[in-house]
Amino acid sequence: MNISTAGVIGAGTMGNGIAQTLAMHGIEVRLCDISEDALTRALTTIRHSLSRMAQKGLQAESGIDEILARIHGSTDLDSLRSAQIVIEAASENLAVKEQIFHQLDAIVSPQTLLASNTSSISLTRIASWVSHPGRVIGMHFMNPVPLMQLVEVIRARQSSDASCAAVMELSRALGKTPVEVKDGAGFVSNRILMPMINEAAFTVYEGIASAADVDTVMKLGMNHPIGPLALADLIGLDTCLAIMDILHTEFRDSKYRACPLLVQLVAAGQLGRKSGHGFYPY
């Protein structure tokens, strides 16, 4: 399936990264968000990202305007009507995603692929919200999207072989390495990563070590390129908490109980890089 037009829902960190990546590979993108301000910020972020890539020799400076011209912002989901694939990258909130997929189901063609960038919510549940559920599949990009190679492709119980094959093909066309996994809370990446981040938070909460020392141990002792708490700040502590809550609900196992420190930081609005403070100040 040769995809030339795509929709992306959500102009936040993941959504603008996905839109940038699609546009860099010649795909026309409709980037949708409920906020005009969010769309403006997204386009500014994408331009800055492309400029940084050009400075590092990863992108030709002369091609930046052409890439940006392929991205069209809109607050109207109806603008996605002609998209061959729509990738949902809204907040990790079950009710928000359900509303979006019900709306999409009434707008796009039955042949349009419906992908979700969800980091933990069941794709089988998401697929149940639409007619023709075989076209629904998970397409979980890593942050920062333009630079990270992995795409976790999650098959709902309803996902068709054709949908999976199309998303695997698209991922490779974007220069990514797709890994197909079955549906399950947190999939592979976050089922492993988030409990590690949560345990790192518990280590700080219990006074065993500072955030900087925890991260140093993991970087120098385990050869991680970034410590788990710095990574949590990059992801967003609200997102980390939401994923831990989903894991706890789905598995009904106390080992997925969110660390009280993580809960407190989110309650205080200290969400990491995007708010200027998390485990570290920015």
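Calculation criteria
- Residues numbered from 1 in each chain as written.
- Predicted model: local features only at pLDDT ≥ 70, side-chain atom pairs only at ≥ 80, totals over all residues.
- Heavy atoms only, no water.
- Helix = DSSP H or I, 4+ residues; strand = E, 2+ residues; numbered from the N terminus.
- Rg over C-alpha atoms; globule rule 2.2 N^0.38 Å.
- Buried < 20%, exposed > 50% of the residue type's maximum accessible area, 1.4 Å probe, protein only.
- Contact = heavy atoms within 4.5 Å.
- Areas by Shrake-Rupley, 256 points an atom, 1.4 Å probe, with all protein chains shown as cover.
- Lys, Arg positive; Asp, Glu negative; His and termini not counted.
- Charge placed at Lys NZ, Arg CZ, Asp CG, Glu CD.
- Expected span 1.5 Å × (residues − 1).
- Arc of directions from axis to C-beta.
- Salt bridge = Lys/Arg side-chain N within 4 Å of Asp/Glu carboxyl O.
- Phe/Tyr/Trp six-rings, centres within 6.5 Å; stacked < 30°, edge-to-face > 60°.
- Pairing = 2+ DSSP bridges.
- Right-handed = clockwise from strand over helix to strand, strands pointing away.
- Core = buried A, V, L, I, M, F, W, Y, C linked by side-chain atoms within 4.5 Å.

1. Let's talk about the overall build of the protein
Scanning the protein for helices and strands turns up 11 helices and eight strands. Scaling as 2.2 N^0.38, a compact globule of 282 residues should have a C-alpha radius of gyration of about 19 Å, and the protein matches this with 19 Å. Its C-alpha atoms put the protein at 55 × 45 × 30 Å along the principal axes. Here the protein, with 282 residues, has 50% of them falling under the buried criterion. When contacts within the protein are restricted to residue pairs at least 6 apart in sequence, those whose partners lie at least 24 apart make up 67%. Accessible surface for the protein amounts to roughly 13,000 Å². Of this, 53% is attributable to carbon and sulfur atoms. Where the 22 positive side-chain charges of the protein centre and where its 27 negative ones centre are 3 Å apart.

2. Overview of helix 8 (residues 211-222)
Between the first and last C-alpha of helix 8 there are 16 Å, a value that for 12 residues agrees with the 16 Å anticipated at 1.5 Å per step. Listed in full, the buried residues belonging to helix 8 are Ala-211, Val-214, Asp-215 and Met-218. All buried residues of helix 8 lie within an arc of 95° about the axis, which places them on one face of the element. Counted as exposed and oriented over 90 degrees from the buried face of helix 8: Leu-220 and Gly-221. Here the buried face of helix 8 lies against helix 7 (189-205) and helix 9 (228-235). Remark: Asn-223 follows helix 8 within two positions and exhibits a positive phi of approximately 65°.

3. Things to note about the pattern of salt bridges
In total, this model carries 10 salt bridges according to the counting rule given. The closest approach of N and O atoms between Arg-70 and Glu-66, which form a salt bridge, is 2.9 Å. Classification of Arg-70 by relative accessible area gives buried; the value is 15%. By relative accessible area, Glu-66 is classed as exposed at 51%. If you follow the salt bridges from partner to partner, you end up with Glu-88, Glu-92 and Lys-97 in one network.

4. Considering the packing of aromatic side chains
Within this structure, the stated rule accounts for three aromatic pairs. Geometrically, the ring pair formed by Phe-101 and Trp-129 is tilted, given 6.4 Å between the ring centres and 50° between the ring planes. Taken as a pair, Phe-101 in helix 4 (residues 94-107) and Trp-129 in the loop between helix 5 (123-127) and strand 6 (136-141) lie far apart in primary sequence, 28 residues in all. Judged by relative accessible area, which is 1%, Phe-101 ranks as buried. Measuring from ring centre to ring centre gives 6.4 Å for Phe-202 and Tyr-205, while their planes differ by 70°; the resulting arrangement is edge-to-face. Residue Phe-202 and its partner Tyr-205 are both found in helix 7; the two are separated by three residues, about one turn of the helix. Judged by relative accessible area, Phe-202 falls into the buried class, the value being 10%.

5. Here's the deal with the pairing of strand 5 (residues 113-116)
Alternating residues of strand 5 divide into Leu-113 and Ala-115 and Leu-114 and Ser-116, and every residue in both groups is buried. When strand 4 (residues 85-88) meets strand 5, the two strands line up parallel, connected through four bridges. From the neighbouring strand, Glu-88 faces strand 5, where its bridge partner is Ser-116. A crossover links strand 4 with its parallel partner strand 5, the connecting element being helix 4, and its sense is right-handed. Bridging between strand 5 and strand 6 involves three bridges; their strand directions are parallel. Pairing of Ser-116 across the sheet is with Gly-138, part of strand 6.

6. Quick word on the nonpolar core
With 39 residues, the main nonpolar core has Ile-18, Leu-22, Leu-31, Ile-85, Ile-87, Met-139 and Phe-141 as its most contacted residues. If one sorts the elements of this core by residue count, helix 2 (residues 36-55) sits on top with six residues. With residues near it in sequence (within four places) discarded, Leu-22 still touches Ala-6, Val-8, Ile-27, Val-29, Ile-87 and Leu-174. Grouped together as the second largest cluster of nonpolar side chains are 29 residues, Ile-243, Tyr-256, Leu-262 and Leu-271 included.

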